[in-house]
Each structure stands twice: as C-alpha cells, then as structure tokens.
Amino acid sequence: MKKFSLSLFIAFLVFIISACSNTEYVNNVEHLKLQKTEVRLTDDKKIVGEMIVPDKKNKSKRIVPTELYYTFTMENTSNNIMALSDLDKTKLRIEPDKELVSAVKEAIGSNIYDMDNSKLGFGMSIGEILSKGTSKFTLNYTLGAKQKNNELPLLPTEEKLKKLQANALKGTLIISQDGKDIAKFRLDSSQ
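Calculation notes
- Residues numbered from 1 in each chain as written.
- Predicted model: local features only at pLDDT ≥ 70, side-chain atom pairs only at ≥ 80, totals over all residues.
- Heavy atoms only, no water.
- Phe/Tyr/Trp six-rings, centres within 6.5 Å; stacked < 30°, edge-to-face > 60°.
- Buried < 20%, exposed > 50% of the residue type's maximum accessible area, 1.4 Å probe, protein only.
- Pairing = 2+ DSSP bridges.
- Helix = DSSP H or I, 4+ residues; strand = E, 2+ residues; numbered from the N terminus.
- Axes fitted to C-alpha atoms, helices over the stretch in contact; angles between N-to-C directions.
- Contact = heavy atoms within 4.5 Å.

Asker: Even after reading the chapter, I still don't get the packing of aromatic side chains, so can you show me in this structure?
Answerer: Given two aromatic rings, their pairing is described by the distance between the two centres and the angle made by the two planes. Under the criterion given, the structure shown has three aromatic pairs. Look at Tyr-70 and Phe-72: their rings are 5.9 Å apart centre to centre, the planes differ by 10 degrees, and that puts the pair in the stacked class. You'll find Tyr-70 and Phe-72 in the same group, each marked buried. Taken together, the ring pairs in this structure connect Tyr-70, Phe-72, Tyr-113 and Tyr-141 into an aromatic cluster.

Asker: Please clarify how the sheet that holds strand β5 (residues 65-76) should be interpreted in this entry.
Answerer: Hydrogen bonds along the backbone pair up the strands of a sheet, which may run parallel or antiparallel. Judged by pairing direction, the sheet is antiparallel, and its four strands sit side by side in the order β2-β5-β10-β8 without closing on themselves. The open sheet has two edge strands with one neighbour each: β2 (32-42) and β8 (122-125). The mean inter-strand angle of the sheet, taken between neighbouring strand axes irrespective of direction, is 15 degrees. Here β5 pairs with strand β10 (residues 134-145) via eleven bridges, running antiparallel. Directly across from Phe-72, in β10, lies its bridge partner Phe-137. Helix α4 (residues 158-167) rests against β2, β5 and β10 of the sheet, and its axis sits at about 175 degrees to β2.

Asker: For this particular structure, what's the right way to read the sheet that holds strand β12 (residues 180-186)?
Answerer: Read across the sheet, three strands follow the order β7-β11-β12 without closing on themselves; strand pairing throughout is antiparallel. Looking at which strands have only one partner, the edges of the open sheet turn out to be β7 (90-96) and β12. Neighbour-to-neighbour, the strand axes of the sheet open up by a mean angle of 25 degrees, direction not taken into account. As paired elements, β7 and strand β11 (residues 171-177) share seven bridges and run antiparallel to each other. Each bridged residue has a counterpart across the sheet, and for Glu-95 the counterpart in β11 is Thr-172.

Okay, structure coming up:
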C-alpha cells in the first residue's frame, strides 16, 4: 500500500509540475518581436567550422567556407518562456526581395535562399526565449571557399560579395512550424 501511495504521490507531483510549466511553443507569435538583424560575411573557423576534402593527390585538405551569416535578436514580450528549439518542427528561412535575389544570383550563380534547390549548404540555430527576455538565432548560407577544392566553388569577387552583403537585408524572415508559416518579419525594418 505504501508503494502505491508513493507512486500516486509522485505521479500527482509530476502532473502538478508539468501543469505549472510556462513554456509556449510559438503559439502566441504576437509576443515574438524581431529587435535587431545583423548580417556579415565570415570565414571565421570558430563560427563556420571547416571541411576536410580530398585533393588531387587523394590527400586530405582542410577548407574553411565563407558564409553569409545572419544573427537575429528576438524578444519575447509574454510572461512565459517561448521555445523554438524543435528543429524537426520549427524552421527559419529568408524570403528574399527581387534586389536580393538578383545580387545573390549575380554573385553565386543561384538562389541560396531556395533551400530545396540550393547546391550550397545552410544552417540555423534556434532555442528558447525567456519570459520578457531576448535570445539570438542564426541562419547561415555557404557561399564558397577561398581555396580551390572539389566540394565548394571559389568565392566570387570582393565587389560581388559587397553587393550581396549590401542587399542582404532586403527580404523577410519567416518562421514556420509543422510546415505552416506562423510569423514574418521584415529584415530591413528591425534596425
């Protein structure tokens, strides 16, 4: 009887704790605000990592890609923790304006923002935002490498990269959950 009472008490305690939990999974997007967007070109190995690729002599060669790296400072105005941490359910993407599509196609030769057809890599990091707090999320798009290799194309000219970076905020950040768009933020209005 004592084991049953203890089990019942533990089950009740778990139920109470889970009922008191204040984590929302982006159901109230009106409480989610884009405070700031930063974009930069980077080949910092600490940020973008490195690739090991074979060279012509079948030896390993280390390549550090250059990426267009977005950092979004998101604010949660609600009294609850807001979670965006389920990468299977929640996605970030940028829907570029015509100027940005033109600049990226001129520089890279294809639309890196079209994740289904992009031949280059991309990545993102998302997480939780505390009640009345902020958090940083990132989206990064691989542009190429400075060194000739068999995996990534060579970077375009400095002039084309500068034009791409100058137009990089001409678009909309879209958050989707379970394949449905739930929030849109203009990138150029969050400055």
